[in-house]
Amino acid sequence: MPGWLPRAMVLALALYACFRLGSWAFDQLIGLLTNVLIAFFLALAIEPAVGRMSARGMRRGLATFLVFIGLMIFSAGFVVLLGSMLAGQIVDMVDDFPKYIDSVINWVNQTFHTELSRVQVQDSLLHSDWLQKYVQNSASGVLDISTTVLGGLFRLLTIFLFSFYFAADGPRLRRALCSVLPPARQTEVLRAWEIAVDKTGGYLYSRGLMALISGAAHYILLVVLGVPYAPALAVWVGLVSQFIPTIGTYLAGALPMLIAFTVDPWYALWVLGFVVVYQQFENYVLQPKLTARTVDIHPAVAFGSVIAGTALLGAVGALIAIPAVATLQAFLAAYVKRYDVTDDPRVHGGPRPRRGEPVLSRVRRALGGPGRTGP
């Protein structure tokens, strides 16, 4: 046996063991890494506000604390407003629920010539197997729901703590990162950091603008239909549909439909149709243009980045995909060498330039026809 073979086998086993250990550690820490990534982009989003307050003489930690307090007050006020509104509407719906059942049963009896009654429907529902199974599963799943809620609160607290440290100690973090790099690399890192702040702010600006447009459009619809709490519902639709990816649109449209149903069941269908039509307009017309202008990426790239981010990290990936891709594109554009474009008509979508004698003239010359030309 060659002398190097045992050492090579030991080295291969050691490398394989390190690979398996790293894979296990990555699987265990993927949740923490995702929270840190979200916190980093949140810190980039509030960096302009913190920077302005710090430039005016305020301590950076205090400025970051005030920004977070403002965000928390706004979020808490919004949740309390919607909660009180929703509680009142649910009470009204529960009181009027027998009337809705009677109207539906009367419509079914008149349309399909049946003889249903509310008492029969209630008895069949109360004694159905699926309702009993649902009640049993709900009773056994209370602990799971509580665990999920506590886990979500802990994750939210983790994100806020990391984002606070990233924003408050941003200059110290940049100095620590630049201290282990040569001067040329330090300039690149600082440039990348600045680009990331600009692109993240531009992305949030585009989302805020789309939220404003969406809220205004739904407010007009709700006022025309006479749905109560139209301003609060418009704010709900604008914020939830834009800042909660993937399922935000469905959550945003469900609440106005629920409130409209208490006024008139047909109004709920009108709201549903408007939500679907506006969502298509936003996806194919409004969002690509606004995102491409504020984040400076092509609409197709923006759409593809959202799909890729969703496939990799789910809802979190969809939320941070566009600012991440815009940052990478802007950073690489500074180092890609560009050349002057030729004046070929095909560059501008024109026809292919002809070379030599036209084909028809050559055919006529070969046949000896009247279109014969010189050599």
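Residues numbered from 1 in each chain as written. Predicted model: local features only at pLDDT ≥ 70, side-chain atom pairs only at ≥ 80, totals over all residues. Heavy atoms only, no water.

Draft legend 1. Spotlight on the overall build of the chain. Across its full length, the chain carries 13 helices and zero strands. The linear arrangement of helices and strands in the chain, starting from the amino end, is α-α-α-α-α-α-α-α-α-α-α-α-α. Across the chain, contacts joining residues at least 24 apart in sequence account for 62% of those joining residues at least 6 apart. Accessible surface, the chain as shown: approximately 25300 Å² in total, 69% of it carbon and sulfur. (Helix = DSSP H or I, 4+ residues; strand = E, 2+ residues; numbered from the N terminus. Contact = heavy atoms within 4.5 Å. Areas by Shrake-Rupley, 256 points an atom, 1.4 Å probe, with all protein chains shown as cover.)

Draft legend 2. Expanded view of the packing of helix α8 (residues 230-243) against helix α9 (residues 248-263). The contact between α8 and α9 brings their axes to 7 Å, and the two run at 165°. On the basis of their axis angle, the class for α8 and α9 is roughly antiparallel. Seen along the crossing, α8 lies across α9 with a hand that is right-handed. Facing L233, W236, V237, V240 and S241 of α8, the residues of α9 in contact are G248, T249, L251, A252, L255, P256 and I259. (Axes fitted to C-alpha atoms, helices over the stretch in contact; angles between N-to-C directions. Parallel < 35°, antiparallel > 145°, perpendicular 65-115°, else oblique. Left-handed = near helix turned anticlockwise from the far one by under 90°.)

Draft legend 3. Geometry of helix α6 (residues 170-178). Within the span of α6, buried status applies to G170, R174 and C178. An end-on view of α6 places all buried positions within 65° of arc, on one side of the element. Away from its buried face by more than 90 degrees, α6 exposes R172 and R175. (Buried < 20%, exposed > 50% of the residue type's maximum accessible area, 1.4 Å probe, protein only. Arc of directions from axis to C-beta.)

Draft legend 4. Representation of helix α1 (residues 4-55) in the model. In this model α1 runs just 63 Å from its N-terminal to its C-terminal C-alpha over 52 residues, more than 12% under the 76 Å that 1.5 Å per residue would give. The largest bend in α1 is about 55°, located at L29. Along α1, the residues classified as buried are T34, N35, I38, A39, F41, A43, L44, A45, I46, E47 and V50. The positive-phi residue at the C-terminal boundary of α1 is G57, with phi of around 105°. (Expected span 1.5 Å × (residues − 1). Bend = angle between axes of the 7 residues up to and from the residue.)

Draft legend 5. Expanded view of the environment of V306. Checked against the element boundaries, V306 lands in helix α11 (residues 299-313). In this structure V306 comes out as partly exposed when scored by relative accessible area, which is 21%. Residues V306 and L319, 13 residues apart in the sequence, show an inter-C-alpha distance of 7.6 Å.

Draft legend 6. Up close: the nonpolar core. Within the largest apolar cluster, 18 residues are counted, with the highest numbers of intra-cluster contacts made by L44, I46 and V50. The set of elements that each furnish at least two residues to this core consists of α1, α2 (60-112), α5 (142-168), α7 (183-225) and α12 (315-333). Excluding anything up to four places from it in sequence, V50 contacts R60, A63, T64, V67 and A167. Core analysis: the second largest hydrophobic core is formed by eleven residues, L221, V227, L233 and V271 among them. (Core = buried A, V, L, I, M, F, W, Y, C linked by side-chain atoms within 4.5 Å.)

Draft legend 7. Main features of the side chain of N35. In this structure, N35 sits in helix α1. At a separation of 2.7 Å, a polar atom in the side chain of N35 contacts the side chain of R155. If we skip the residues at most four places from it in the chain, N35 touches R155, T158 and I159. (Polar contact = N/O pair within 3.5 Å; in protein donor to acceptor, adjacent residues only side chain to side chain.)

Draft legend 8. Region of interest: the confidence of the model for the chain. On average, residues of the chain score 77 in pLDDT, and 76% of them are at 70 or above. Per-residue pLDDT, averaged within each element of the chain, yields its smallest value for helix α13 (residues 359-367) (61) and its largest for α1 (88). Taken together, the stretch residues 371-375 has pLDDT below 50 and engages in six contacts with residues farther than four places along the chain or on a different chain. (pLDDT = per-residue confidence, 0-100.)

Draft legend 9. Region of the structure containing the pattern of salt bridges. Applying the stated rule across the entire model yields two salt bridges. Linking R60 and E47 is a salt bridge whose minimum nitrogen-to-oxygen distance equals 2.6 Å. With a gap of 13 residues between them, R60 in helix α2 and E47 in helix α1 connect regions that are remote in the sequence. An identical accessibility class is assigned to R60 and E47; each is buried. Across the salt bridge formed by R185 and E188, the nearest N and O atoms sit 3.1 Å from each other. Placement of both R185 and E188 in helix α7 is noted, with a separation of three residues, approximately one turn of the helix. A relative accessible area of 48% means that R185 is categorised as partly exposed. A residue is classified by how much of its surface remains accessible, and E188, at 23% relative accessible area, is partly exposed. (Salt bridge = Lys/Arg side-chain N within 4 Å of Asp/Glu carboxyl O.)

Draft legend 10. Structural context of the packing of aromatic side chains. In total, this model carries nine aromatic pairs according to the counting rule given. Seen in terms of ring centroids, F40 and F41 are 5.9 Å apart; in terms of plane orientation they differ by 80°. Their pairing is edge-to-face. Residue class for F40 comes out partly exposed when judged on its relative accessible area of 25%. An aromatic cluster is defined as three or more aromatic residues linked by ring pairs; in this entry it consists of F40, F41, F162, F166 and W193. (Phe/Tyr/Trp six-rings, centres within 6.5 Å; stacked < 30°, edge-to-face > 60°.)

Draft legend 11. Representation of the side chain of H218. If you trace the backbone, H218 turns up in helix α7. Every residue in contact with H218, bar those within four places of it in the chain, is listed here: V237, F274, V275 and Y278.

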